[in-house]
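# Breakdown of the fold
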Amino acid sequence: MDLNMLTQFLAVARLEHLSRAADELHVAQPSLSRTIARLEKELGTPLFDRGGRLRLNHAGRLFRGYVERSLGELDAGRRAVAEATSQGFGTVRLASETFLTLTGPLTAYKRAHPTIEIELHQMPAGQMARHLRAQDIDLCAASQPVHAEDLETAHLLDEEVWLAAPPDHPLANRTSVAIRDLADQPFVTARKGHWQRQLLDRLFAAEHLTPKIVCEGDESSAMADLINAGLGLGLVPAIARRTMTRGSTTVAPVAWITVDAPGCRRTLTLHWRADARLSSAAELMRTTLTTWDWTTGEPKS
């Protein structure tokens, strides 16, 4: 069992597809198949179910966790040595569902520490625990729970989520609406797994309703334009509303309406591994994010 074998196993485990894993690793598929077979023989048990599509089985999932942690520790060791010998701060790796919320503190961080490299990884909250465990990332900011043991967390932000509507929409003059008022309205939203979509589905499910979704995608910055074009309504957090509004001029004019539902809010939380050593760059990033004033868009005094 060597590092190359373990790295190849992780690729197959993640993709659950031999040919795609072989392409990603730039190896021949027969060679990759033999590597997985040797690993299974050494462990004394299959790691994949092969009835039809390749699937990671219980033993494979168990082993993957240990491999991710082991390789993550090795990579962390390399980074620690590089940081110590270069007498610099190195690199910080931050994951988030969206970086629109984080542009202010990221800008301030880069200005204060121009020599530090920042790696940004956009991913659903459901994937963050695995990447933290594997130490592929140092920190993650999520608007949904990140389920994993041995995590440290810091509360960053709690804010209202507004309903945005086209200016000429029948609801545009309302100050507030109930979810039942929106039962037949079209919505512009993010894809499943994103916190905005989860919130929309949860609010409607509480009223035993299903939202009518006419557009779902990954471009949150385009949401205001799509709403203004009349495609539908959308849920937008307060911080994004401030970003979309410059003085008295709105980039894409929309009407802002309060949603009469106690759960129509977003909570942003920072997570990191409790048992992992953070690099100096990551510690500085954690400090920047946890001391940021999200109301004024400036560091706390």
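Residues numbered from 1 in each chain as written. Predicted model: local features only at pLDDT ≥ 70, side-chain atom pairs only at ≥ 80, totals over all residues. Heavy atoms only, no water.

### Quick look at the overall build of the protein chain
Regarding its fold elements, the protein chain presents 10 helices and 16 strands. Taken along its principal axes, the extent of the C-alpha atoms in the protein chain is 70 × 50 × 30 Å. Looking at the protein chain alone, contacts between residues at least 24 apart form 73% of all its contacts between residues at least 6 apart. Each charge class in the protein chain was averaged separately, 34 positive and 36 negative side chains, and the resulting centres sit 3 Å apart. (Helix = DSSP H or I, 4+ residues; strand = E, 2+ residues; numbered from the N terminus. Contact = heavy atoms within 4.5 Å. Lys, Arg positive; Asp, Glu negative; His and termini not counted. Charge placed at Lys NZ, Arg CZ, Asp CG, Glu CD.)

### What to know about the pattern of salt bridges
Within the structure shown, the criterion is met by 13 salt bridges. Ionic pairing is found between Arg265 and Asp158, a salt bridge with its closest N-O pair at 3.0 Å. Of this pair, Arg265 sits in strand β14 (residues 265-273) while Asp158 sits in strand β6 (residues 151-165); the two residues are 107 residues apart in sequence, bridging distant segments of the chain. According to the relative accessible area criterion, Arg265 is partly exposed, its value standing at 38%. Accessibility expressed as a relative area gives 39% for Asp158, which makes it partly exposed. As a salt-bridge pair, Arg174 and Asp181 come within 3.0 Å of each other at their nearest N and O atoms. Among the residues examined, Asp181 registers a relative accessible area of 35% and is labelled partly exposed. Through salt bridges with shared partners, a single ionic network connects Glu68, Arg130 and Arg133. (Salt bridge = Lys/Arg side-chain N within 4 Å of Asp/Glu carboxyl O. Buried < 20%, exposed > 50% of the residue type's maximum accessible area, 1.4 Å probe, protein only.)

### Concerning the packing of aromatic side chains
Summed over the entire model, instances satisfying the criterion amount to three aromatic pairs. Measuring from centroid to centroid gives 6.0 Å for Phe9 and Phe48, while their planes differ by 65 degrees, and the two rings are edge-to-face. Residue Phe9 is found in helix α1 (residues 3-15), and its partner Phe48 is found in strand β1 (residues 48-49); the two are separated by 39 residues along the sequence. Among the residues examined, Phe48 registers a relative accessible area of 3% and is labelled buried. With 5.7 Å between their ring centres and 85 degrees between their planes, Phe187 and Phe204 make a pair best called edge-to-face. With Phe187 in strand β8 (residues 186-190) and Phe204 in helix α7 (residues 195-205), this pair connects stretches of sequence that are 17 residues apart. One exposure class covers both Phe187 and Phe204, and it is buried. One aromatic cluster is present, built from ring pairs that chain together Phe9, Phe48 and Phe63. Across the ring face of Trp162, the terminal group of Arg241 is positioned such that the distance to the ring centre comes to 4.3 Å. (Phe/Tyr/Trp six-rings, centres within 6.5 Å; stacked < 30°, edge-to-face > 60°. Lys NZ or Arg CZ within 6 Å of the ring centre and 35° of its normal.)

### Points about the side chain of Thr269
Inspection of the secondary structure assignment puts Thr269 in strand β14. If we skip the residues at most four places from it in the chain, Thr269 touches Cys140, Ala141, Ala142, Thr153, Ala154 and Leu156.

### A look at the environment of Glu117
Here Glu117 is to be found in strand β4 (residues 117-122). For Glu117, a relative accessible area of 51% gives the class exposed.

### Details of the confidence of the model for the protein chain
Of the residues in the protein chain, 93% reach a pLDDT of 70 or more, and the chain-wide mean stands at 87. Per-element mean pLDDT across the protein chain ranges from 48 in strand β12 (residues 249-250) up to 96 in strand β7 (residues 176-177). (pLDDT = per-residue confidence, 0-100.)

### Structural notes on the nonpolar core
Core analysis: the biggest nonpolar cluster contains 23 residues, and Val92, Leu94, Leu102, Leu139, Leu270, Leu289 and Trp294 have the highest contact counts within it. Put simply, the parts of the chain that give this core at least two residues each are β3 (91-96), α5 (103-112), β5 (139-142), β6, β14 and α10 (280-290). In terms of residues, this core owes the most to one element, α10, which gives four residues. Look past the residues within four positions of Leu289 in its chain and what remains in contact with it is Leu94, Leu102, Pro105, Leu156, Leu270 and Trp294. Residues Leu6, Phe9, Ala11 and Leu39 belong to the second largest nonpolar core, which totals 20 residues. (Core = buried A, V, L, I, M, F, W, Y, C linked by side-chain atoms within 4.5 Å.)

### Things to note about unusual backbone geometry
For His26, which is not glycine, the phi torsion reads 60 degrees and is therefore positive. By the element assignment, His26 lies in the loop between α2 (18-25) and α3 (29-43). According to the relative accessible area criterion, His26 is exposed, its value standing at 72%. In this structure, Gln135 takes a positive phi of about 60 degrees despite not being glycine. Inspection of the secondary structure assignment puts Gln135 in the loop between α6 (125-133) and β5. Given a relative accessible area of 7%, Gln135 falls into the buried group.

### Notes on α3
Spanning 15 residues, α3 covers 21 Å between terminal C-alpha atoms, matching the ideal 21 Å at 1.5 Å per step. Following α3 by one or two positions, Gly44 adopts a phi angle in the positive range, close to 80 degrees. (Expected span 1.5 Å × (residues − 1).)

### Here's the deal with the packing of α2 against α3
α3 packs onto α2 with a crossing angle of 105 degrees between their chain directions and a minimal axis gap of 9 Å. When the axis of α2 is compared with that of α3, the two are roughly perpendicular. Between α2, through Leu18, Ser19, Ala21, Ala22 and Leu25, and α3, the contact on the second element is made entirely by Gln29, Leu32 and Ser33. Here the contact of α2 with α3 is composed, by residue class, of five nonpolar, three polar and no charged. (Axes fitted to C-alpha atoms, helices over the stretch in contact; angles between N-to-C directions. Parallel < 35°, antiparallel > 145°, perpendicular 65-115°, else oblique. Nonpolar A, V, L, I, M, F, W, Y, C, P; charged D, E, K, R; others polar.)

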